[in-house]
Amino acid sequence: MDISTATTLASGLVALIVPAFVQAIKQYIPAEYVGLTSLAASILFGTIAIAATGGFDGTYTWGIVLAGVVGVAQTVYTLVNQAFDGKLSKQ
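Residues numbered from 1 in each chain as written. Predicted model: local features only at pLDDT ≥ 70, side-chain atom pairs only at ≥ 80, totals over all residues. Heavy atoms only, no water.

As annotated in an unreviewed UniProt entry, the chain carries the name Coat assembly protein Sec16 and is attributed to Bifidobacterium oedipodis.

Right, dumping it as structure tokens:
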């Protein structure tokens, strides 16, 4: 694979930060769109992280990194939400 260390680290940080970001702005999001907003934020910030570290300059591996970022961010959000008995998805 042709994924740089910087891209991997930036993407990992984004995957962990996005759920916290969504929680910070959740009060401004209609309840039925919280999950969709979380997914969109994962894609947006993941793309920014990959672009900022030159991850789009290589071959097609950036798609794998973006999928990983989205997957980790959504998994973290789901696990934390379950730990708090679903309170994160409620307003």
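Still more ground to cover, so stick around.
Observations concerning the nonpolar core
General note: in soluble globular proteins, nonpolar side chains tend to be found buried as a group. By size, the foremost hydrophobic cluster in this structure holds 16 residues, and its most contacted members are V14, V18, V22, V34 and V69. At the level of secondary structure, the elements contributing two or more residues to this core comprise α1 (5–25), α2 (34–52) and α3 (62–83). A per-element tally of this core places α3 first, with six residues. (Core = buried A, V, L, I, M, F, W, Y, C linked by side-chain atoms within 4.5 Å. Buried < 20%, exposed > 50% of the residue type's maximum accessible area, 1.4 Å probe, protein only. Helix = DSSP H or I, 4+ residues; strand = E, 2+ residues; numbered from the N terminus.)

Examining the packing of α1 against α3
Contact geometry of α1 with α3 gives a least axis separation of 8 Å together with a crossing angle of 35°. When you trace α1 past α3, the crossing you get is right-handed. From α1, T7, S11, V14, A15, L16, V18, P19 and Q23 reach across to α3, where they touch V65, V69, V72, A73, V76 and Y77. (Axes fitted to C-alpha atoms, helices over the stretch in contact; angles between N-to-C directions. Left-handed = near helix turned anticlockwise from the far one by under 90°. Contact = heavy atoms within 4.5 Å.)

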